[in-house]
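Each chain is listed here by its residues.
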Amino acid sequence: MTIAAEDGGAIRDSHEASLIDKRLKTASSYLVEQDWSAYSADQHAVWSELVRRRMPQLRQHACQEYLDGFAQIGLSEDQLPNLKAVSRRLEPLTGWNSTPVSGFLPPGAFFEMLSARMFPTTTWLRGRHSLEYTPEPDIFHDVFGHVPLHAHPVFGSFLQQYGQTCSRLISNPEALERMGRVFWFTVEFGVIRQRGELKVYGSGLISSHGECSRVLSGGCEVRDFNLDEVMNQSFDTGAMQPVLYAVESFDQIYEATRLAEQRLG
Ligand SMILES: [Fe+2]
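Quick caveat: nothing in here was measured; it's all calculated off a predicted structure.

Participant: Describe the domain arrangement of the chain, with residues and values.
Facilitator: As far as domains go, the chain holds domain 1 (1–33) and domain 2 (39–264). The C-alpha-based centres of domain 1 and domain 2 are spaced at 25 Å. On the domain 2 side, the residues contacting the 12 residues of domain 1 number 11 residues. For the side of domain 1 that touches domain 2, the residue count by class is 6 nonpolar, 2 polar and 4 charged.

Have a look at this one:
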């Protein structure tokens, strides 16, 4: 038995849907089914090309937790990921899953999903004409860029806590803007120092060869992570980043999020 979501585009198994609906209030209408069998051979080839052009640099310059997570959740260099298969490997590790959604979510729905350890994941893939950059996240950015780190217990706890904190601040736009900067300079464009070297962990750096190369070659100022400074640092989503913030461990961003809620709540 299946049900249709309000937008008519989402069809899910009714048992699965009722389990999800108990955990989600506002986000459930954005959930869709990933039709993995509908991806064409050419789309699998584009995925393969994207992964193969990123991995040599990432094996050297991504943080170890990302590389471990990539293997643990079973991502392939040959085929687009099946989100159910990814979630089956991820959930026993940290309780996180990768849940297909129809596109951008409004803030309340996005934070609600993070609070439930459900990562909103797009299912479309960029075309060959835009291998380096897409203005909106696609499955390469979302799965290749984000999901491997969700296999790490501390990062996973940080991201859930981030969602819970923002849910509690939802009626305070100024506080949410500050929290948005924390997300940008950690989850999207975070760097970390490991054994004396700068390593990347933010999805925007993991998934973009050009931006990552620029950062690694010193084309961007890297400051020590400081919560107050990050919360005051505006950013331009369409430009290369002029400044990034390096943490010493993922415990640091977990603690910073707790502190942020104390200051903003
Ligand atoms: Fe992202």
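Participant: Account for the packing of helix α5 (residues 107–115) against helix α7 (residues 153–168), naming residues and giving values.
Facilitator: Packing of α5 against α7 brings their axes to within 7 Å, and their N-to-C directions diverge by 140°. When the axis of α5 is compared with that of α7, the two are oblique. The way α5 lies across α7 gives a crossing that is left-handed. In this structure, α5 uses Phe-111, Glu-112, Leu-114 and Ser-115 to contact α7, whose residues at the interface are Leu-159, Gln-160, Tyr-162, Gly-163, Gln-164, Cys-166 and Ser-167.

Participant: An account of the nonpolar core is needed here, citing residue identities and associated values.
Facilitator: Residues Val-200 and Tyr-201 are the most contacted members of the largest nonpolar core, which totals 62 residues. Of all the elements, helix α8 (residues 173–188) adds the most residues to this core, at 7 residues. Taken domain by domain, the makeup of this core includes at least three residues from each of domain 1 (1–33) and domain 2 (39–264). With residues near it in sequence (within four places) discarded, Val-200 still touches His-61, Ala-62, Cys-63, Val-191, Leu-205, Ile-206, Cys-212 and Val-215.

Participant: I'd like a description of helix α6 (residues 139–146), backed by residues and values.
Facilitator: Of all 8 residues that make up α6, 8 are buried, and the element is covered over most of its length. Residues of α6 that are buried include every one of Ile-139, Phe-140, His-141, Asp-142, Val-143, Phe-144, Gly-145 and His-146, and no others. For α6, the elements touching its buried residues are α2 (41–61), α4 (83–94), β3 (97–100), β4 (118–121) and α9 (203–206).

Participant: Any chance you could break down the pairing of β4 for me, citing the residues and the numbers?
Facilitator: The side-chain alternation of β4 yields two buried faces, one formed by Met-118 and Pro-120 and the other by Phe-119 and Thr-121. Pairing geometry for β3 and β4, over 4 bridges, is parallel. Bridge assignment links Thr-99 to a residue of β4, and that residue is Pro-120. Handedness of the β-α-β unit built from β3, α5 and β4 comes out right-handed.

Participant: Tell me about the pairing of strand β8 (residues 243–247), and please be specific about residues and values.
Facilitator: In the sheet, strand β5 (residues 191–194) pairs with β8 via 2 bridges, with the strands oriented parallel. Following the sheet pairing, Val-191 is matched in β8 by Ala-246. Handedness of the β-α-β unit built from strand β7 (residues 221–224), helix α11 (residues 227–232) and β8 comes out right-handed.

Parameters at a glance
Residues numbered from 1 in each chain as written. Predicted model: local features only at pLDDT ≥ 70, side-chain atom pairs only at ≥ 80, totals over all residues. Domains from an automatic or database assignment. Contact = placed C-beta atoms within 7 Å. Nonpolar A, V, L, I, M, F, W, Y, C, P; charged D, E, K, R; others polar. Axes fitted to C-alpha atoms, helices over the stretch in contact; angles between N-to-C directions. Helix = DSSP H or I, 4+ residues; strand = E, 2+ residues; numbered from the N terminus. Parallel < 35°, antiparallel > 145°, perpendicular 65-115°, else oblique. Left-handed = near helix turned anticlockwise from the far one by under 90°. Core = buried A, V, L, I, M, F, W, Y, C linked by C-beta atoms within 7 Å. Buried ≥ 20, exposed ≤ 12 C-beta atoms within 10 Å, placed from the backbone. Pairing = 2+ DSSP bridges. Right-handed = clockwise from strand over helix to strand, strands pointing away.

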